[in-house]
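Read off the chains here:
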Amino acid sequence: MSEECPPPAILWTAPKDSLRAAFEPSLFRRNSETVTARLESHLADLSVRGLELADPGDLARAARALMTTERDGIAGFDEKRLAAIVDLYVRTGIQVHSPGYMGRQFSGAVPLAGVIDFVGSVVNQPSSYYEAGQLPITAERIMAEELNRFIGWEPGRFAMVTTSGGSLANLTALLAARNRACPGIWARGEHRGRGRPAIAVGEDVHYSVTRAAGVLGIGETRIVRLPVDRRGRIAARRVPRVLAAAERRGLEVFCLVASAGTTALGAFDPIDELAGIAARRGIWLHVDGAHGASLLVSDALRHRLRGIEKADSLTWDAHKLMFVPAPCTLLFYRNAQDAPGAFRHRAASYVSDEEPDAHCAFDNGDKNVECTKRPLIMPLWTLWAMYGPALFAEKIEHLCRTTAEAHHVLLGESDFEPLHAPESNILCFRYRPREIGEDQVHRLQSRIRKQVRLGGRFFISKVDVRGTAALRVVLMNHEVTTEHFRMLLAEVRSVGDRLLREDALH
Ligand SMILES: Cc1ncc(COP(=O)(O)O)c(C=O)c1O
């Protein structure tokens, strides 16, 4: 290039100060301190409270009032607005750290898990591909090996992939099972087998499994329902006959789904016996352990999943009984080669290498439906790294013990009807103070649940058990005592009696 012809000036316009200000590290520190102080008081508040149920219109107005009206430029930072947003966020949630929370299966996370989740949000390392999430993917491998010590598969032969929730894990496992049994469906949308593809599930299976059947095009009429016993467990003795009848109807059952901890009763299907049946018929056995797989880490409770090493796949929600923020689910496969079977496709050119190197072997993009996925494993791995397995075992054992004690309390209350001896941390019962018809019992439980929720002191759930509504407590908080449970029963009794009095007047 001659001296008379200088290179063109490189054009670059510096970002505006207002844009840079939003990324300012010192502001980040100030924001974090504001938020941390508020969360610390939130965690320290052990008062009994459930949920402050807001009117959606009022809440939308309150939320809108916190929004900047600036539309032309980037608004200047307002620390008070941030504090108010956090306060509103905390106040309108189910108070999962309070002893009044007895209602759902997600946990008040171990605070450290929240801290690591926060790190994940700042460093933003999506974890489907090794180059984007090196430590998360490494931690996934480590956690898979750590947890497999409790499952018992041959090291190096099994696989694990994280998914955004148990529902997605169940769908993914069923896809893998379906694709193995019906190889023509993925490529050509057709199956030339012995019969029409079907799955067999217990009557109390989680709706994500039956919904997955719909997604897979199996059809609701091809879901073979397996009868359960009084405890809500699949009656294994009756399964061979039901499967044989399904076969006679032209169905080809390719997957049997057992639950390790049903949603309603927390009941554990007899995995060992079901595995024998599945193996004899060449059927994939999927265990939905979204709720109860965590019991595997406890020496005292592991026996509930006897036979788990014979399953083909296992769903394990860590955001339930491993006490990390939702969602964090681990989907295990006994045979590693089954893991990529769910999504048989060539990855897009922008994420896959034509000449794969050693790092590509650590990519998970071919095994999960998500392309961009949160580094879900990090809170779990960090807790495991910092505290070891005993943190989980101790808490789970404590919760199951308290649930058994609550059941004992219930047995001494003649106006309450316990529905089962709890196998985990879930307990279902009905308020039934006197002779009332089944219809009335059903409606009464639903109305009690709603009124208790409105009262704002306790948060419990409602579920149908054998066709009639029941009250359901799920003990996720180790600060809940039998005294709190007695307080809940007193509230249920008071609400129930008021509703019955009102009914009598009408
Ligand atoms: C037995 C069982 N399976 C699956 C699920 C769905 O899990 P998730 O809520 O993580 O999608 C649940 C949730 O309650 C469950 O109890």
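For clarity, every value in this text was computed on a predicted model and none was experimentally measured.

Definitions and limits used
Residues numbered from 1 in each chain as written. Predicted model: local features only at pLDDT ≥ 70, side-chain atom pairs only at ≥ 80, totals over all residues. Heavy atoms only, no water. Helix = DSSP H or I, 4+ residues; strand = E, 2+ residues; numbered from the N terminus. Buried < 20%, exposed > 50% of the residue type's maximum accessible area, 1.4 Å probe, protein only. Contact = heavy atoms within 4.5 Å. Areas by Shrake-Rupley, 256 points an atom, 1.4 Å probe, with all protein chains shown as cover. Lys, Arg positive; Asp, Glu negative; His and termini not counted. Charge placed at Lys NZ, Arg CZ, Asp CG, Glu CD. Domains from an automatic or database assignment. Buried area = accessible area lost by both parts, 1.4 Å probe. Salt bridge = Lys/Arg side-chain N within 4 Å of Asp/Glu carboxyl O. Polar contact = N/O pair within 3.5 Å; in protein donor to acceptor, adjacent residues only side chain to side chain. Nonpolar A, V, L, I, M, F, W, Y, C, P; charged D, E, K, R; others polar. Pairing = 2+ DSSP bridges. Axes fitted to C-alpha atoms, helices over the stretch in contact; angles between N-to-C directions. Expected span 1.5 Å × (residues − 1). Arc of directions from axis to C-beta.

1. Some details on the overall build of the protein chain
Along its length, the protein chain carries 16 helices and 11 strands. For the protein chain, the spread of C-alpha atoms along the principal axes amounts to about 100 × 60 × 45 Å. When each of the 506 residues of the protein chain is scored for burial, the buried share is 48%. Partitioning the contacts of the protein chain with sequence separation of at least 6, the portion at a separation of at least 24 is 74%. Surface exposure of the protein chain reaches about 25300 Å², of which carbon and sulfur atoms provide 53%. Each charge sign in the protein chain was given a centre, from 64 positive and 61 negative side chains, and these centres are 8 Å apart.

2. Description of the domain arrangement of the protein chain
Once the domains are mapped, the protein chain shows domain 1 (125-387) and domain 2 (391-505). If you average the C-alpha positions of domain 1 and of domain 2, the two centres end up 31 Å apart. When domain 1 packs against domain 2, close to 2000 Å² is buried across both sides, 67% of that on carbon and sulfur atoms. Considering only the side of domain 1, the residues that lose the most area to domain 2 are A264, L265 and F323, jointly responsible for 29% of the buried surface there. For the pair domain 1 and domain 2, the interface holds 0 salt bridges. One can count 5 residue pairs in polar contact (both at pLDDT 80 or more) joining domain 1 with domain 2. Going through the elements one at a time, α12 (318-321) and α13 (377-387) are the ones with two or more residues in the side of domain 1 that touches domain 2. Ranked by the residues each element gives to the side of domain 1 that touches domain 2, the list is headed by α13, at 4 residues. In terms of residue class, the side of domain 1 that touches domain 2 is made up of 15 nonpolar, 6 polar and 6 charged.

3. Structural notes on the pairing of strand β5 (residues 284-289)
Within β5, 6 of the 6 residues are buried, which leaves the element mostly enclosed by the surrounding structure. Taking every second residue as pointing to the same face, both faces of β5 are buried, with W284, H286 and D288 on one and L285, V287 and G289 on the other. Where β5 and strand β6 (residues 313-317) come together, 4 bridges link them in parallel fashion. Across the sheet, the residue bridging to D288 is T315, located in β6.

4. Points about the sheet that holds strand β10 (residues 461-465)
Ordered in space as β8-β9-β11-β10, the 4 strands form an open sheet in which the pairing is antiparallel. Unpaired on one side and paired on the other, β8 (416-418) and β10 mark the two borders of the sheet. The average undirected angle you get between the axes of adjacent strands in this sheet is 40°. When β10 meets strand β11 (residues 468-474), the two strands line up antiparallel, connected through 5 bridges. Looking at the pairing, K462 lines up with L471 of β11. Running over the sheet, helix α16 (residues 482-505) touches β8, β9 (426-431) and β11 and is turned about 30° from β9.

5. A look at unusual backbone geometry
The omega torsion across A326 and P327 is -10°, close enough to zero to call that bond cis. Relative to the helices and strands, P327 is located in the loop between α12 and β7 (329-333). The phi angle at N124 is positive, at roughly 50°, despite the residue not being glycine. Inspection of the secondary structure assignment puts N124 in the loop between α5 (111-123) and α6 (134-151). Classification of N124 by relative accessible area gives exposed; the value is 55%.

6. Some points on α5
Under the 1.5 Å per step criterion, the end-to-end length of α5 is 19 Å for 13 residues, consistent within 8% with the ideal 18 Å. All buried positions along α5 are accounted for by A113, I116 and G120. End-on view of α5: buried residues confined to an arc of 65°, all on one side of the axis. In this structure, the buried residues of α5 make contact with α13. Positioned one or two residues after α5, N124 has a phi angle of 50°, which is positive.

7. Remarks on the pattern of salt bridges
When the charged atoms of two side chains with opposite charge come close together, those side chains can pair. Inspection of every chain in the model, using the stated rule, returns 34 salt bridges. For D78, the salt bridge is made with R81, and the minimal N-O distance between the two is 3.9 Å. A relative accessible area of 30% means that D78 is categorised as partly exposed. Two residues, R430 and E417, come together in a salt bridge whose shortest N-O distance is 3.4 Å. In this pair, R430 sits in strand β9 while E417 sits in strand β8, placing the two residues 13 residues apart along the sequence. When salt bridges that share partners are traced, they join R194, E247, E252 and R281 into one network.

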